[in-house]
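# Chain and residue survey
The primary structure of each chain is shown beneath.
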Amino acid sequence: MDDGTRYEAVSSRDARFDGEFFFAVVTTGIYCRPSCPAVTPKRVNVRFFPSAAAAQAAGFRACRRCRPDAVPGSAEWNVRADLVGRAMRFIGDGVVDREGVAGLARRLGYSARQVQRQLTAELGAGPVALARARRAHTARVLLQTTALPVTELAFAAGFASIRQFNDTMREIYAGTPSELRAAAGGGPGRGGVMTTRPRPRPAPGAGGGAAPGGIPLRLAYRGPYAAVEIFDFLAERAVPGVEEVRGEPGPRTYRRTLRLTYGSGIAEVEEPPTGPRGRHRPPAGRVCPAARGGDGGWLECRLLLTDLRDLSTAVQRLRRLFDLDADPYAVAERLGADPRLAPLVAERPGLRSPGAADPEEMAVRIVLGGPPERTAELVRAYGKPLDAVDGGLTHLFPAPAELTGADVPEPVRALCTALADGTVLLDAGADRAAAERALAALPGVGPHTAAYIRMRALGDPDVGGPDGGERAEAAEGPDRAEGAAGAWRPWGAYALHHLWRAGLLPPGERAAPTTAAAG
């Protein structure tokens, strides 16, 4: 995409490009998302940036009207398996905040200098600047949704000092932390990666380690979103004690426990209201600003965390579970060229490929196989009980190290031993091909199961699996969509979900793409 095309997207306020690039206005010193509703600036005054961090590094501050720091992430990082794609997934998961640039480089297997050079070349900012932009956004969310004292909030967001926190917030948002907190009640939150929604202000001093009642957020997505289908998918596979889905379709609430770096949490995600034919329709008066000029919206979410330092990591994991950074326009364009898939894509616009909130948990569930209750037995035996039961949520899913005993089924024990000793890595930026090979070599796993783990646990959009029911014992399942090397690339996982949902591809059956020439 050249700058001329980018400017056309800005002029038409095309929300399809939110998160794909950013533009800044030299006369005002602010940067925006392409769909910003403000008056379109003259072309001569516009500069384009590949990331929000690059715009910030160039001295521009975030627009208060469109909140460009809160757009959905680029789908490119889900697709790419190179150093930059893996680095972006690691940064989103908080690796730089926890382990520094050296830790990021070590996980990637490159020198810190190489990582810095490649990220700067493609994104206009290095890992420190990208992580800084992430911390600033987390801090804004905490300022506007909690009564946490500013000192505690700064460290919870990942800042090393109060001075660094204050300077960053002034530079990016053109306001002090106190001013940003005071402005929180000025209007509804924008749709974004994690934007706030209006709620009563907690009483002073009620903050502590976590916000009372949890932190309310809006998890934005681009384009159409098949919410009914993804909530159906999760409801059918919910593991009692760890997950539950409350209510009847339209709307339902998906709830689950989370095992995080610094503590634990409970996430609640609401199914959006539906319109004709079950498609998501925001209620009157609540159209997401990101949707202007096209489809788009958000999922309402609430996070209850024992340690607020886990906020941004928890959000990223929910985004992967609900596949919120996908580009449904690109998927539809590619799959719609297949005569067999074209009517399915038209029938279910925005169908997503669900990922995992915890990759290691998902791998265990897939390898164990069977109905959700079988996994629930494992959770009750080895999982950590919550301090207080919350509805149907009673336990955290056990860590791999807790599932290496003699009483654990052999395939699960072999998997968890490999996860615990680092033989198999399933973290956010893992090398997917290497992980699949290592998984396939484990006893009781095999290539088909390994491919399904790659699709669900690692969020690879170009891989199929044995079936949608987490039954790893299915021997005839496809380890990769036949079209991955051709007609469906790089969206093989979405093709399989369309075929499964339509009942045209029974679990375990391999399907090959058709072409226009083949009829």
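Structure: see above.
Residues numbered from 1 in each chain as written. Predicted model: local features only at pLDDT ≥ 70, side-chain atom pairs only at ≥ 80, totals over all residues. Heavy atoms only, no water.

### Some words on the sheet that holds strand β4 (residues 61–62)
Sheet strands pair via backbone hydrogen bonds, and the direction of the pair is either parallel or antiparallel. Overall, mixed pairing links the four strands, which are arranged β3-β1-β2-β4 in an open sheet. Because the sheet does not close on itself, it has two edges, and the strands there are β3 (46–49) and β4. Where strand β1 (residues 22–25) meets β3, four bridges bridge the pair, whose relative direction is antiparallel. Directly across from F22, in β3, lies its bridge partner F49. Most of the contacts of helix α1 (residues 3–11) go to β3, to which it runs at about 105°, and overall it touches β1 and β3. (Pairing = 2+ DSSP bridges. Helix = DSSP H or I, 4+ residues; strand = E, 2+ residues; numbered from the N terminus. Contact = heavy atoms within 4.5 Å. Axes fitted to C-alpha atoms, helices over the stretch in contact; angles between N-to-C directions.)

### Some words on helix α16 (residues 372–382)
Considered for burial, the residues of α16 that qualify are T375, A376, L378 and V379. Buried residues of α16 fall within an arc of 160° about the axis and therefore sit on the same side. As for α16, its buried residues are in contact with α15 (359–368) and β11 (393–396). (Buried < 20%, exposed > 50% of the residue type's maximum accessible area, 1.4 Å probe, protein only. Arc of directions from axis to C-beta.)

### Observations concerning the sheet that holds strand β8 (residues 264–270)
Taken in spatial order, the five strands line up as β5-β9-β8-β7-β6 in an open sheet, and their pairing is antiparallel. Each end of this open sheet is capped by a strand with a single partner; those strands are β5 (215–222) and β6 (243–246). Between one strand axis and the next, the sheet turns by 25° as a mean value, whatever way the strands run. When β5 meets strand β9 (residues 296–305), the two strands line up antiparallel, connected through eight bridges. Bridge pairing in β9 links Y221 to G297.

### Here we look at the packing of helix α5 (residues 95–108) against helix α7 (residues 127–145)
One way to put it is that α5 packs onto α7 with a least axis distance of 10 Å and a crossing angle of 170°. By the angle class used here, α5 and α7 are roughly antiparallel. On the side of α5, the interface is formed by V96, D97, V101 and L104, while α7 contributes P127, V128, A131, R134 and R135. Per-class residue counts for the contact of α5 with α7 are six nonpolar, no polar and three charged. (Parallel < 35°, antiparallel > 145°, perpendicular 65-115°, else oblique. Nonpolar A, V, L, I, M, F, W, Y, C, P; charged D, E, K, R; others polar.)

### Remarks on the packing of α7 against helix α12 (residues 311–321)
Between α7 and α12, the shortest axis-to-axis distance is 10 Å and the interhelical angle comes to 100°. With respect to α12, the element α7 is oriented roughly perpendicular. On the side of α7, the interface is formed by R134, T138, V141 and L142, while α12 contributes L311, S312 and T313. When the residues that make up the contact of α7 with α12 are grouped by side-chain class, the tally is three nonpolar, three polar and one charged.

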